[in-house]
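# Report on the structure
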Amino acid sequence: KYLSLNMDKLQSAFKTQISFLQEHPVWGTLGVLGGLVLLNKFRKGMKGFCKYCCQSEINLKQKYGNGYAIVTGASAGLGKGYAQVLAQKGFDLIIISENEEEINKTAEEIKSQYSVDVIPVTYNFSTPYEFSEYAEIKNAIEGKEISILVNNVGIFGYYDFHSMSTSRILEFLNVNLGSYTFMTRLILPKMLQRTGKSAIINIASTNFEGFTPNRTMYTSSKAYILAFTRSLYEAYKERVDFLSVHPGGMITNMNPGKGSYKLTPTESATSHLKFLGKYRETFGNWKHVMQYTKLYHMTSQKEITRKDRLAFS
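From a predicted model like this one, the values you see are computed outputs, not experimental measurements.

### Describing the environment of Lys-89
- Here Lys-89 is to be found in the loop between helix 4 (77–88) and strand 2 (93–97).
- With a relative accessible area of 26%, Lys-89 lands in the partly exposed category.
- With 30 residues separating them along the chain, Lys-89 and Asn-59 place their C-alpha atoms 8.2 Å apart.
- Aside from chain neighbours lying at most four places away, what touches Lys-89 is Glu-57, Leu-60, Lys-61 and Leu-273.

### Remarks on the packing of aromatic side chains
- Counted by the stated rule, this structure contains nine aromatic pairs.
- On the numbers, 5.5 Å between centres and 15° between planes, the contact of Tyr-224 with Phe-228 is stacked. Of this pair, Tyr-224 and Phe-228 both sit in helix 9 (residues 216–236), four residues apart, which is roughly one turn of the helix.
- Look at Tyr-224 and you get partly exposed, because its relative accessible area is 28%.
- Linked through ring pairs, Tyr-123, Phe-125, Tyr-129, Tyr-134 and Phe-182 together constitute an aromatic cluster.
- Positioned above the aromatic ring of Phe-91 is the side chain of Lys-61, whose terminal nitrogen or guanidinium carbon lies 4.8 Å from the ring centre.

### Focus on the pattern of salt bridges
- With the rule as written, the count across this model stands at 10 salt bridges.
- Here Lys-80 ties to Glu-109 by a salt bridge, and the two come within 3.2 Å at their closest N and O atoms. Linking Lys-80 in helix 4 with Glu-109 in helix 5 (residues 100–114), this pair joins segments that are 29 residues apart in sequence.
- The shortest N-O distance in the salt bridge between Lys-197 and Asp-241 comes to 2.6 Å. Taken together, the residues Lys-197 in the loop between helix 8 (166–192) and strand 5 (198–203) and Asp-241 in strand 6 (residues 240–245) connect sequence positions 44 residues apart.
- Salt bridges linked by common partners bring Arg-230, Glu-234, Lys-237, Arg-280 and Glu-281 together as one network.

Parameters at a glance
- Residues numbered from 1 in each chain as written.
- Predicted model: local features only at pLDDT ≥ 70, side-chain atom pairs only at ≥ 80, totals over all residues.
- Heavy atoms only, no water.
- Helix = DSSP H or I, 4+ residues; strand = E, 2+ residues; numbered from the N terminus.
- Buried < 20%, exposed > 50% of the residue type's maximum accessible area, 1.4 Å probe, protein only.
- Contact = heavy atoms within 4.5 Å.
- Phe/Tyr/Trp six-rings, centres within 6.5 Å; stacked < 30°, edge-to-face > 60°.
- Lys NZ or Arg CZ within 6 Å of the ring centre and 35° of its normal.
- Salt bridge = Lys/Arg side-chain N within 4 Å of Asp/Glu carboxyl O.

Nothing here speaks to function; it is all geometry.
Pasting the structure below:
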């Protein structure tokens, strides 16, 4: 009886709505369009949720073979996180840092924990390429097959651009742009000689759109990395998987405090690697998607189109 009464009420309400739409066709059309817009937003939201929360692991060793994985800036932070995760997945490593003591310590830690070959290389990327031509790195990779390159090294800082010294500007150019460019130029020919696929991961940032004040050199360099990766992807995607990563806050020695959006370096690296070979760009984790969204809406540069913000493909 209760069910019957409720069905009668529903039928009555439905008839009332139909009558209203017949009498007011304009409002009816707007209502339908509004419903379709909401439905489309819900669809996109669910797609994004599934992308970042339901992404499955891939067997990197099976996909990219038995070559070495190179990680720059690997003595701490995200670089060390990548080295640990890749070693856990069975890759031998060539890890690079300017801090000789720390990179040797990291190498010993990883060797003892994962029983893989780890070659530490001490190199300061702030040195202009033409002065050394990455001699120490060339020696380390001589005769070795390279499966994966992770361009991670970078410097960060808050500066008023008008008062930055020439030496500091050149340091940003050499480390944040030069290392990615020349390491890729050095390793890519070796990858193209392999029979199987290889991969190059370039670490950008949620700041890649360059809207944050007092970070002109940092955000500009991250925008370069994004464009650099997109161009390489289009040119070599049949032979090499490229992934541009946009990490947000992480718990590191430079940034030790916890926060709503922060992950550990190993959590970040693990989430990024789930997208390798599937996508061209990623934030890796839903927390960093939220951080980017918050950053974007805090800026005054909202005229940039949604299409230009990130073309995930």
